[in-house]
Amino acid sequence: MADGCGSWWAELLHHPLLNQLRKGDRRYDEPAKNLTFCLDGDIFFWDGAESVFYTTNLKNLNSGINSYQTLLCINPPLFEVNEVLLSPTQHHVLLIGTKGMMVLELPQRWGKRSEFEGGKATINCLTVPIAERFFTSSTSLTLRDAAWYPSETEEPHVAVLTSDNSMRFYDLKQPQTPVKVFCLTQSEEGNIVPATRSYSASLGEIAVAFDFGPLISAPGHRSKGEVRVHPLYILYENGETFLIYFNLTHKSTGLIGRLLGPLPMHPAAEDNYGYDACAIICLPCAPNILVIATQSGMLYHCVVLEGEEEEDQTASGSWDLRCEPIPSLYVFECVELELTLKLATGDDDEQLQSDFSCPITLHKDPLCPTRYHCTHIAGVHSIGLTWVNKLEQFLSSDEEDKNGLQELAAEQKCIVEHILCTKPLPCSWPAPIKGFWIISDLSLGATMICITDLYECIIRQLLTTTRPVSPPLLCSNPDTGCMASPLRNFASNSFEQHIRNILHRTTTNPLLLRASDTDGAPPPQECLQLLSRATQVFREEYILKQALAREEITRRVKLLGSQKKKQQQDLKQCIEEKKYLREMAEVLADKYEEAVESQEDIMNRVKRVLRNFNSQLPVLSDSERDMKKELNGIHDQLKDLGSSIKQVHIKTEYQQKEIQQGESPRKKSITLSASQKKCIYSVLKEQSERIAEMVKKINDIRTHVNF
């Protein structure tokens, strides 16, 4: 449990807000999909009896503040609300019912605790009905599914799927007139008449759900510039999936705005993977993964694969809209949910399950894109896809392996957790889940909140997380060219993952809840079967697997103990060898110093011998002859320089005499012209340079002779 979770958990379970909800009328004509959502730590509950929202801040519960606010609708909905959706901009809430829908605008926040309207107990909220005249005039028309258009920058738009097999998009500025309308009837004319609608409904050719995929580049777009579109996946009751590339601001050209499908499904199945499809979601993975749910409790995980262009069209260079490739769906795996618990008969220990079916609602997980949750009138399931990362690696690899994907599907299985069961026995009345939400605020902890039919709050921490495998350490990836030890080969696979695989449970014991306190006691035989089933699950999925894990851990501890003893012996031997090598290094260092000193003495003796040998030779060597010749030349140069120095002294004395005579007052001053001054300056400069050069040569010669 995360820090700080226990406080607000306990406060929320006994919050007066839930008591206020229990006071209302709990009779509903249809099961509610979800009447709860969270925003910035505030949890909202919809009260259908009063047509209001009750909200409280979960972070303030840690401080002991149990107050809550009531959001009133200025124009309350006249239809029964069975689902609420928060807009992508988080400023509006969509109230959805089978006979209409309405948008509620959330009030502003201010004050010390950033509450709505500064913390007022009751607040009036603006409500805008969507397509009110349309639903009022068509009494037989029902709303099958609705969602916000996934854009945080554009104006809020609402997408609506109705029972006349049409998709309509409404802008909040013009809530009565649809911005765009798509006919989903599988006919070339596109005309919808009641007879055709009833005939299509009998064959299951009626759209029941839809979901938007992440933004992609528009395929088949031939104009200049890239166009970003949302793939809109539409699910039909017969299990077929259609596709519309949709963009609010772009006109319907090419494949944009056209109904494509049905999308091919591989491998093909005779029953088209069921004829009672009820829900679809698109997980934001690469590639996209569609989850299709049926009322019988089957879940199909489909990988969306891009279509391939035909060779004839590419070769000819012509473009035909009918030849454009459409994506296909690869059914990676099928999962069967345990809607009601399977009970053992006791005679032959067979598993029995009643033919129970119900609509399933799919919820994305805001904390993990590879995990989603299922809610229905019999409980809650959580599914984590552990094979998404390996699938991405398989698709990004250049190697072509036809059997690689099937082997991957056989090795990797999804994680299915049965969180809550409200219909444990066939005779039990189902208790719908009215509220479901995943707390995405990490300061509150990764938590699941469920609101039952009796407004009981069930809080569970998300223990099983599906996240990418951590990159291996450098020490765990030795060089392939080096010989690895057996222990390192044994440790190449994570032992922790090995234990997790052993403890992986295929069946769990969920939390059991009764539909109401007024229900009679179930038959003792069914209670005994339920107890036997729980005992069997605990024995096979918990105790037995924990015993196997204990044996593996004991075996690993024994192996590591023997390896530890061996490593301690090796370490002791290495310490002794290190001590011996250190002593040998000291001895070798002393010998090296003695050898260096002996070498220096020998080199000096060799130099002295060579010097004495050269001095006793009767003839001069070449270098000595050159030295003698150079000294004789220096002697001649000294004579020349001596005579030059005498001349310089004579000239210097003469010049001094001339200067003294020029300074005498009796003698008239001599006036020189500019040209004469310039000539004298040049002669003096030349003489001074020559004198300096001669002095330098004399100094060099004296230095050389003295040496």
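Residues numbered from 1 in each chain as written. Predicted model: local features only at pLDDT ≥ 70, side-chain atom pairs only at ≥ 80, totals over all residues. Heavy atoms only, no water.

1. Examining the overall build of the protein
Along the protein, the regular secondary structure elements total 13 helices and 34 strands. Every one of the 707 residues in the protein was classed for burial, and the buried ones make up 38%. Nonlocal contacts in the protein, meaning residues at least 24 apart in sequence, comprise 61% of its contacts between residues at least 6 apart. Of the roughly 42,800 Å² of accessible surface on the protein, 53% is carried by carbon and sulfur atoms. (Helix = DSSP H or I, 4+ residues; strand = E, 2+ residues; numbered from the N terminus. Buried < 20%, exposed > 50% of the residue type's maximum accessible area, 1.4 Å probe, protein only. Contact = heavy atoms within 4.5 Å. Areas by Shrake-Rupley, 256 points an atom, 1.4 Å probe, with all protein chains shown as cover.)

2. Section: the packing of aromatic side chains
On inspection of all chains with the given rule, the structure shows 17 aromatic pairs. Residues F37 and F44 carry aromatic rings whose centres are separated by 4.5 Å and whose planes lie at 5 degrees to one another, so their mutual orientation is stacked. A relative accessible area of 1% places F37 in the buried class. Looking at F44, the relative accessible area reads 0%, which means it is buried. On the numbers, 5.7 Å between centres and 85 degrees between planes, the contact of F37 with F53 is edge-to-face. Placement of the pair is F37 in strand β1 (residues 36–39) and F53 in strand β3 (residues 52–57), with a sequence separation of 16 residues. The exposure classification of F37 matches that of F53, with both residues buried. One aromatic cluster in this structure is built from Y149, F169, F182, F210, F212 and F246. (Phe/Tyr/Trp six-rings, centres within 6.5 Å; stacked < 30°, edge-to-face > 60°.)

3. Some details on the nonpolar core
Core analysis: the biggest nonpolar cluster contains 29 residues, and L299, L362, Y372, L385 and W387 have the highest contact counts within it. Taken together, the elements giving at least two residues each to this core come down to β21 (277–283), β22 (289–294), β23 (298–305), β24 (328–336), β28 (371–376) and α7 (388–396). Here the element with the most residues in this core is β21; it accounts for 4 residues. Look past the residues within four positions of L362 in its chain and what remains in contact with it is A279, I280, I281, V291, A293, L299, Y372, H373 and C374. Judged by nonpolar contacts, the second largest core, of 26 residues, contains V208, I256, L290 and L329. (Core = buried A, V, L, I, M, F, W, Y, C linked by side-chain atoms within 4.5 Å.)

4. Some remarks on the pairing of strand β30 (residues 415–421)
Relative to β30, strand β29 (residues 379–384) runs antiparallel, the two sharing 6 bridges. Its bridge partner being in β30, G384 is matched across the sheet by I415. For β30 and strand β34 (residues 511–512), the ladder comprises 2 bridges, and the chain directions are parallel. Within the sheet, the bridge partner assigned to C421 lies in β34 and is L512. (Pairing = 2+ DSSP bridges.)

5. Comments concerning the sheet that holds strand β4 (residues 69–73)
The strand order across the open sheet formed by 5 strands is β1-β2-β3-β4-β10, and the pairing between neighbours is mixed. One side of each edge strand has no neighbouring strand; the edge strands of this open sheet are β1 and β10 (122–125). Neighbour to neighbour, the strand axes of the sheet diverge by 25 degrees on average, direction disregarded. Pairing analysis gives 4 bridges linking β3 to β4, with the strands arranged antiparallel. Residue pairing for β4: T55 is matched across the bridge by Q69. (Axes fitted to C-alpha atoms, helices over the stretch in contact; angles between N-to-C directions.)

6. Let's talk about a negative patch on the surface
On the surface, E583, E586, D590, E593, E594, E597, E600 and D601 cluster together to form a negatively charged patch. When you line up the elements, D601 lands in helix α11 (residues 524–615). Taking relative accessible area as the criterion, D601 reaches 47% and is therefore assigned partly exposed. (Patch = residues over 30% accessible without salt bridge, like charges linked within 9 Å, V, L, I, M, F, W, Y side chains within 5 Å. Salt bridge = Lys/Arg side-chain N within 4 Å of Asp/Glu carboxyl O. Lys, Arg positive; Asp, Glu negative; His and termini not counted. Charge placed at Lys NZ, Arg CZ, Asp CG, Glu CD.)

7. Observations regarding the sheet that holds β24
Read across the sheet, 5 strands follow the order β20-β24-β23-β22-β21 without closing on themselves; strand pairing throughout is mixed. If you trace the sheet from one side to the other, it starts and ends with β20 (265–266) and β21, each paired once.

8. Describing the confidence of the model for the protein
Of the residues in the protein, 80% reach a pLDDT of 70 or more, and the chain-wide mean stands at 80. In the predicted structure, residues 188–196 sits below a pLDDT of 50 and forms 7 contacts with residues beyond four places in sequence or in another chain. In this model residues 310–321 is a low-confidence stretch, pLDDT under 50, and it forms 14 contacts with partners more than four residues away in sequence or in other chains. (pLDDT = per-residue confidence, 0-100.)

9. Points about the pattern of salt bridges
Enumeration according to the criterion identifies 12 salt bridges in this entry. Note that R113 and E115 form a salt bridge whose closest N and O atoms lie 3.4 Å from each other. Judged by relative accessible area, E115 falls into the buried class, the value being 17%. We note a salt bridge from K697 to E693, for which the minimum N-O separation is 3.8 Å. Of this pair, K697 and E693 are both found in helix α13 (residues 674–706), 4 residues apart, which corresponds to roughly one turn of the helix. For E693, a relative accessible area of 44% gives the class partly exposed.

10. A word on unusual backbone geometry
The amide bond that connects H266 to the next residue, P267, takes the cis arrangement and shows omega of -10 degrees. Residues A286 and P287 are joined by a peptide bond in cis, for which omega reads 0 degrees. Here P287 lies in the loop between β21 and β22. For D40, which is not a glycine, the phi torsion comes out positive at approximately 55 degrees. Residue placement: D40 occurs in the loop between β1 and β2 (42–47).

11. A closer look at helix α2 (residues 16–23)
Looking at α2, one finds that the buried residues are L17, L18 and L21. One face of α2 carries all of its buried residues, which in axial projection span an arc of 95 degrees. (Arc of directions from axis to C-beta.)

12. Quick look at the environment of S643
Examined against the element boundaries, S643 turns out to sit in helix α12 (residues 622–663). Residue classification places S643 among the partly exposed residues on the basis of a relative accessible area of 37%. Among the polar contacts made by the side chain of S643, one reaches the main-chain carbonyl oxygen of D640 at a distance of 2.7 Å. (Polar contact = N/O pair within 3.5 Å; in protein donor to acceptor, adjacent residues only side chain to side chain.)

13. Examining the side chain of S151
Mapped onto the secondary structure, S151 falls in the loop between β12 (143–148) and β13 (157–162). The exposure class assigned to S151 is buried, which follows from its relative accessible area of 14%. Polar side-chain contacts of S151 include one of 3.3 Å to the backbone nitrogen of E154. Apart from residues lying up to four places away in sequence, S151 is in contact with P88 and T89.

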